[in-house]
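Fold and contact review
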Amino acid sequence: MLERIGFEFTTTVKSGYQALIEADKSHHHLVINDIQMPKMDGFELSRVINSKMHMSGSKPVVMGLAAETSETLHEQALESGMLTLLFKPMTAIQMK
């Protein structure tokens, strides 16, 4: 979906741990992560990315993705350092 709306370089991983490895070796401007990933949930991933990348000076924008909507989840996302929490299902128009 991201490529359809104009993003040129996208990377897909299967777990929060793999996302952290990818974030360490690549300089992504945007990280969109599911809050319920295996091995490391999206909230923890956001905290770690923000902490590590803040030290290096190249912090990406982190956005969460959730299947359910709740104010509590949105608050947790903001507290973990995410810019916002997006809710599934999404269309390309909403993603823009």
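Presented here is an overview of the structure given in this document. (Residues numbered from 1 in each chain as written. Predicted model: local features only at pLDDT ≥ 70, side-chain atom pairs only at ≥ 80, totals over all residues. Heavy atoms only, no water.)

**Some points on empty space enclosed by the protein**
Applicable threshold: Both cavities and pockets are sets of points on a 1 Å grid over the protein atoms alone; in a cavity a 1.4 Å probe fits but cannot get out, in a pocket the set is open with protein on both sides within 12 Å along at least five of seven lines, and lining residues sit with an atom within 4 Å of a point. Grid points are joined across faces, edges and corners, and a volume is the space filled by probe spheres set on the points.
Enumeration over the complete set of coordinates arrives at one cavity of 30 Å³ or more. Counted as a void, the largest cavity has a volume near 50 Å³.

**Looking at the side chain of Ser80**
Our working rule: Secondary structure elements follow DSSP: runs of H or I no shorter than four residues count as helices, runs of E no shorter than two count as strands, and numbering proceeds from the N terminus. Relative accessibility thresholds used throughout: buried, under 20% of the residue-type maximum; exposed, over 50%; partly exposed, between the two (1.4 Å probe, protein chains only).
Inspection of the secondary structure puts Ser80 in the loop between helix H3 (71-79) and strand S3 (84-87). In this structure Ser80 comes out as buried when scored by relative accessible area, which is 3%.

**Quick notes on the side chain of Ser46**
This is how it is decided: Between two residues, a contact is recorded if the distance between any of their heavy atoms is within 4.5 Å.
Secondary-structure assignment places Ser46 in helix H2 (residues 42-56). The exposure class assigned to Ser46 is buried, which follows from its relative accessible area of 0%. Leave out the neighbours within four places in its chain, and Ser46 touches Asn33, Val62, Ser80, Gly81 and Met82.

**Points about helix H1 (residues 16-25)**
One full turn of an α-helix is made of 3.6 residues, so residues set three or four places apart face in the same direction. Filter applied, for reference: The directions from the helix axis to the C-beta atoms are what the arc is built from.
Within the sequence span of H1, burial applies to Gly16, Ala19, Leu20, Glu22 and Ala23. All buried residues of H1 project into a common sector of 165° when viewed along the axis, lining one side.

**Points about the sheet that holds S3**
Basically, it comes down to this: Pairing between two strands requires that DSSP report at least two bridges joining them. Here the axes come from fitting lines to C-alpha atoms, over the contacting stretch only for helices, and the angles between their N-to-C directions go from 0 to 180 degrees.
Here three strands make up an open sheet; going across it, the order is S1-S2-S3 and the pairing parallel. At either margin of the open sheet sits one strand with a lone partner, and together these are strand S1 (30-34) and S3. Averaged over neighbouring strand pairs, the angle between their axes works out to 30° when direction is ignored.

**Notes on the layout of surface pockets**
Reported here for the largest pocket is a volume of approximately 830 Å³. Residue assignment for the lining of the largest pocket shows that the elements contributing at least two residues are H1 and S1. Per-element accounting of the lining of the largest pocket gives the leading share, five residues, to S1.

**Brief notes about the environment of Tyr17**
By the element assignment, Tyr17 lies in helix H1. For the pair Tyr17 and Lys39, spaced 22 residues apart in sequence, the C-alpha to C-alpha distance is 6.1 Å. The residues contacting Tyr17, other than those within four sequence positions of it, are Pro38, Lys39 and Met40.

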